[in-house]
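Chain and residue survey
Listed below are the residues making up each chain.
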Amino acid sequence: MSLRSPGWLLLLLPLAALIAAYVLTQRRRSRYAVRFTNLDLLDKVAPNRPGRRRHVPAAAFCAMLALLVVGFARPTAEVQVPRERATIVVAFDVSASMEATDVEPTRFAAAQQAALAFVDRLPERFNAGLVPFSGSATVAVPPTTDREVLRSAIRRLTTGAGTAIGDAVVAARDAVRALDERAGTEPPPAHIVLLSDGSNTTGRSVESAAREAAADRIPVSTIAYGTEDGTITLPSGDSVPVPVDGPALAGLASTTGGDFHEAATGEELQAVYEDIGSSVGHRTEEREIWQWFVAAGLLTALLAAATSLLWFSRLP
């Protein structure tokens, strides 16, 4: 919490002096209290002594003043605010290397399940799209709030030859640009989440695609998925290694202002998606919360008045 007008806190100094004077007065009163030797007479004169509760109204009154002073200082707090017109495009690598079994049951099957879970966790009003890519990239689902369309498209994905990471970034960026009639002049807050397990082998270079996304201020968060030991078996029966190219994906994320993640298991991929979803779904804003302090001060004032009337039949 921070304060926009901290100068108002100087008013706490007179309050501190008031509290000190109250404490001093109570001590003097105790020191010079009249001592009765006849206890029966004392019970008749003051049968119901308030004891410590006599301090409650005074304490509540001082707390009210303190809360109101802090309210005048205009306290602020950071809050998570949902993004309006927020758009997330999932770029999904469907190259043949995704059939590697270093992730059970395969990289592809585990990634499908993680993507489905990611989509399910997105706020309902978020626009979400899908760009699968192998030798080329296509917009399978333009950004939409219809989650069932997106889920069906993810389930229907199949693998193919080649890995066009650069083309996938550009296709996802174009999908954001075509979101609605306002997208041309008022681009929506957008984020591309790209999952891949290999190197760019065809199409546009990753570097040029990254520059285009950065120019449109669209962060690309990348996920390097799989392990260094991944292999696939060709129709000829030969085994071909398909290691993950982490540095290229890290560079793409860095250039566009996104985050780079690595996942070697289906569980790790789920965790990465959850982390990305929580970070891109909201923005942090500082908002004034003085009204909470004023409301608390008024409730405390009511407490002071109620206890004083109940116990002493007078207002503090």
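The structure we're discussing is the one just above.
Residues numbered from 1 in each chain as written. Predicted model: local features only at pLDDT ≥ 70, side-chain atom pairs only at ≥ 80, totals over all residues. Heavy atoms only, no water.

**Description of the packing of aromatic side chains**
Enumeration over the complete set of coordinates arrives at two aromatic pairs. Centroid distance W8 to F72: 5.0 Å. Interplanar angle 25°. Geometry classified as stacked. Here F72 lies in helix 3 (residues 56-72) and W8 lies in the loop between strand 1 (2-3) and helix 1 (12-31), a separation of 64 residues in the sequence. For W8, a relative accessible area of 42% translates into the label partly exposed. (Phe/Tyr/Trp six-rings, centres within 6.5 Å; stacked < 30°, edge-to-face > 60°. Helix = DSSP H or I, 4+ residues; strand = E, 2+ residues; numbered from the N terminus. Buried < 20%, exposed > 50% of the residue type's maximum accessible area, 1.4 Å probe, protein only.)

**Here's the deal with the environment of V79**
Position of V79 relative to the elements: it lies in strand 2 (residues 75-82). Taking the relative accessible area as the measure of exposure, V79 reaches 29% and is therefore partly exposed. Sequence separation between V79 and E288 is 209 residues; the distance between their C-alpha atoms is 10.0 Å.

**Some points on the side chain of S221**
Mapping S221 onto the fold places it in strand 7 (residues 220-225). Side-chain polar atoms of S221 contact the side chain of H191, separated by 2.7 Å. Apart from the residues within four sequence positions on either side, S221 is in contact with H191, I192, V193, L194, G258, D259 and I276. (Polar contact = N/O pair within 3.5 Å; in protein donor to acceptor, adjacent residues only side chain to side chain. Contact = heavy atoms within 4.5 Å.)

**Considering the nonpolar core**
One finds F92, L130, L195, I223, Y225, L269 and Y273 to be the most contacted residues of the largest nonpolar core, which totals 33 residues. Those elements giving two or more residues to this core turn out to be strand 3 (87-93), helix 4 (107-121), strand 4 (127-133), helix 5 (147-155), strand 6 (190-196), strand 7 and helix 9 (266-280). Counting residues per element, this core draws most heavily on helix 4, at eight residues. Excluding anything up to four places from it in sequence, Y273 contacts V90, A114, A115, F118, V193, L195 and I223. With 24 residues, the next largest nonpolar core counts F133, V206, L249 and L252 among its residues. (Core = buried A, V, L, I, M, F, W, Y, C linked by side-chain atoms within 4.5 Å.)

**Let's talk about the pairing of strand 6**
Each regular strand displays side chains that alternate between the two surfaces of the sheet. Burial analysis of strand 6 places seven of its seven residues in the buried class, the great majority of the element. Residues A190, I192, L194 and S196 point to one face of strand 6 and H191, V193 and L195 to the other, with burial holding for every one of them. Where strand 3 lies against strand 6, six bridges are found, and the strand directions are parallel. The residue of strand 6 that forms the bridge with I88 is H191. Here strand 6 pairs with strand 7 via five bridges, running parallel. Residue pairing in the sheet places I192 in a bridge with V220 of strand 7. For the crossover from strand 6 across helix 7 (residues 206-215) to strand 7, the handedness is right-handed. (Pairing = 2+ DSSP bridges. Right-handed = clockwise from strand over helix to strand, strands pointing away.)

**With respect to unusual backbone geometry**
In this chain, E104 is followed by P105 through a cis amide linkage whose omega measures -10°. Within the element layout of this structure, P105 appears in the loop between strand 3 and helix 4. A positive phi is found at R74, a non-glycine position, where the angle reads about 55°. Backbone geometry at R217 places phi at a positive 60°, although glycine is not the residue there. Note on R217: relative accessible area 75%, which makes it exposed.

**Considerations on the sheet that holds strand 3**
Pairing within the open sheet is mixed, and its six strands lie in the order 5-4-3-6-7-10. Two strands lie at the open edges of the sheet, namely strand 5 (141-144) and strand 10 (260-263), each paired on one side alone. Between one strand axis and the next, the sheet turns through 20° on average, direction left out of account. Strand contacts of helix 4: strand 3, strand 6 and strand 7, with the helix running at about 170° to strand 3, the strand carrying the most contacts. Each of strand 3, strand 4, strand 5, strand 6 and strand 7 touches helix 6 (residues 165-177); the most contacted strand, strand 6, lies at about 155° to it. (Axes fitted to C-alpha atoms, helices over the stretch in contact; angles between N-to-C directions.)

**Considerations on the pattern of salt bridges**
The full count for this structure, using the stated rule, is 13 salt bridges. D216 is paired through a salt bridge with R177; the nearest N and O atoms lie 2.9 Å apart. In this pair, D216 is assigned in the loop between helix 7 and strand 7 and R177 in helix 6, connecting sequence segments 39 residues apart. With a relative accessible area of 45%, R177 lands in the partly exposed category. What emerges from the salt-bridge pattern is a single network uniting R173, D174, R177, R204, E212 and D216. (Salt bridge = Lys/Arg side-chain N within 4 Å of Asp/Glu carboxyl O.)

**Side note on the environment of R204**
Relative to the assigned elements, R204 resides in the loop between strand 6 and helix 7. Sequence separation between R204 and G166 is 38 residues; the distance between their C-alpha atoms is 4.9 Å.

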